[in-house]
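Given next are the chains, with one letter for each unit.
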Amino acid sequence: MDATNESSEGAPFILLGLTTSPEQRRPLFGLFLVLYVAGILGNGLIVAAIRASPALRAPMYFLLAHLSFADLCFTSVTVPKMLANLLAHDRSISVAGCLTQMYFFFALGVTDSCLLAAMAYDRYVAIRHPLHYATTMSRAVCKALVGTAWLVSHVHSLLHILLMARLSFCASHHVPHFFCDHQPLLRLSCSDTRHIQLLIFTEGAAVVVTPFLLILASYGAIAAAVLRLPSASGRLRAVSTCGSHLAVVSLFYGTVIAVYFQPTSRYEAERGRVATVMYTVVTPMLNPVIYSLRNRDVQGALRALFTGRRISAGDS
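For the protein, the name recorded in an unreviewed UniProt entry is Olfactory receptor, with Lynx canadensis as its organism. What UniProt records for the protein under Subcellular location (unreviewed entry) is the sentence "Cell membrane". In its Sequence similarities (unreviewed entry) section, UniProt records this for the protein: "Belongs to the G-protein coupled receptor 1 family."

Structure (structure tokens):
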């Protein structure tokens, strides 16, 4: 039997989850249920408000709606299964289910990465080249950026899943994680995983590190422009906004890079689980607060959404 058939016909994986202590499971269930609901409500409301409000037709809101939708889906790939496993006795997941979960996790994670870079570029153009903003960030350009983000992410994910599907797991099927992730599964494989690790460090770096560097460059240019503002209050407000954006972006990329861009032999399950929680649960929950809920136009659109009042572009 070849590796492909052995992996597809083998026993299901057992997800060990966040903890093996029965006493910790119910408190963790309550905590992550609250975080998950908050993230779903926050991102869902942002998508609904942007779609319903004619006042939110600027490129930044178009990109933000896609980021919120991607975040909503991203958390839903892993967290519901994690919550169910915290209360269930059977924590198994089939090989096909494991690969499917992994596919959408990587696809949506890379989409997030690309959209964050697109949003940073949008703010760079708005601040550094305001006179050319309407043409540089036209609707066609925004659609191209979003389309590229979704296309690149799915191609990236497909490459990884095709390689992962060829691995054989002849040892333990107990995964020390709350979802099917690269590093813990590679540790369990008895196949040669060097080609997958090479892909992570090359193509994976291109879709993660490159957007991160573009974001840093964009915010660096924005900071230089902000420092030239004549108003001290304006500088303080802009620095506060950019600082909060960079804090969440650094949390997202920092934990992603820490987990994936290291040799499999050095991967530590406990530290990996903690880091993964940061970018699978915490940052998707924070993104609506950081990028939108402090925005007066978005606040107005949300009020209109709840009251049923129509809001026009002239009301913003």
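Asks: Go over the nonpolar core, please, and point to the residues and values.
Replies: Ranked by size, the top nonpolar core spans 87 residues in total, and within it Leu185, Tyr260 and Tyr291 carry the most contacts. Per-element tally for this core: the top contributor is helix H4 (residues 95-128), with 17 residues. When residues no more than four places from it in sequence are discounted, the contact partners of Tyr291 are Leu64, Leu67, Leu116, Met119, Tyr219, His245 and Val249.

Asks: Tell me about the UniProt feature "transmembrane region" (unreviewed entry) in the protein, and name the residues and values.
Replies: UniProt marks residues 28-50, 62-83, 103-121, 141-163, 205-227, 239-261 and 273-293 with the feature "transmembrane region" (unreviewed entry), using the numbering shown here. The distance from the first to the last C-alpha atom of residues 28-50 is 33 Å, and the span holds 100% helix and 0% strand. Helix makes up 100% of residues 103-121 and strand 0%. Its end C-alpha atoms lie 27 Å apart.

Asks: Go over the packing of helix H3 (residues 59-87) against helix H6 (residues 139-164) with me, naming the residues and quoting the values.
Replies: The contact between H3 and H6 brings their axes to 10 Å, and the two run at 20 degrees. For the element pair H3 / H6, the angle class is roughly parallel. As H3 packs across H6, the resulting crossing turns out to be right-handed. Residues Pro59, Phe62, Leu63, His66, Phe69 and Ala70 of H3 touch H6, and the partners they reach there are Arg139, Cys142, Lys143, Val146 and Trp150. The class makeup of the residues in the contact of H3 with H6 is eight nonpolar, one polar and two charged.

Asks: Give me the pattern of salt bridges: which residues, what numbers.
Replies: Within this structure, the stated rule accounts for three salt bridges. With its nearest N and O atoms 2.8 Å apart, the salt bridge here joins Arg194 to Asp192. When the shortest N-O distance is used, the salt bridge between Glu268 and Arg271 registers 3.9 Å.

Asks: If you had to explain the state of the cysteines to someone new, which residues and values would you point to?
Replies: Evaluation of the coordinates by the stated rule reveals one disulfide. One disulfide in the model links Cys98 with Cys180; its S-S distance is 2.0 Å. Between Cys98 and Cys180 the sulfur-sulfur dihedral comes to about -125 degrees; the bridge is accordingly left-handed. Remark: Cys180 occurs in the loop between strand S3 (174-175) and helix H7 (182-188) and Cys98 occurs in helix H4; sequence separation between them is 82 residues. For the pair shown, Cys98 and Cys180 are each scored as buried. Counting only cysteine sulfurs, Cys114 is the nearest neighbor of Cys73, a cysteine outside any disulfide, at a range of 16 Å. Of all cysteine sulfurs in the structure, the one in Cys142 sits closest to Cys114, which takes part in no disulfide; the separation is 15 Å.

Rules behind the numbers
- Residues numbered from 1 in each chain as written.
- Predicted model: local features only at pLDDT ≥ 70, side-chain atom pairs only at ≥ 80, totals over all residues.
- Heavy atoms only, no water.
- UniProt positions renumbered as here; feature names shortened; annotations may be inferred.
- Core = buried A, V, L, I, M, F, W, Y, C linked by side-chain atoms within 4.5 Å.
- Buried < 20%, exposed > 50% of the residue type's maximum accessible area, 1.4 Å probe, protein only.
- Helix = DSSP H or I, 4+ residues; strand = E, 2+ residues; numbered from the N terminus.
- Contact = heavy atoms within 4.5 Å.
- Axes fitted to C-alpha atoms, helices over the stretch in contact; angles between N-to-C directions.
- Parallel < 35°, antiparallel > 145°, perpendicular 65-115°, else oblique.
- Left-handed = near helix turned anticlockwise from the far one by under 90°.
- Nonpolar A, V, L, I, M, F, W, Y, C, P; charged D, E, K, R; others polar.
- Salt bridge = Lys/Arg side-chain N within 4 Å of Asp/Glu carboxyl O.
- Disulfide = S-S within 2.5 Å.

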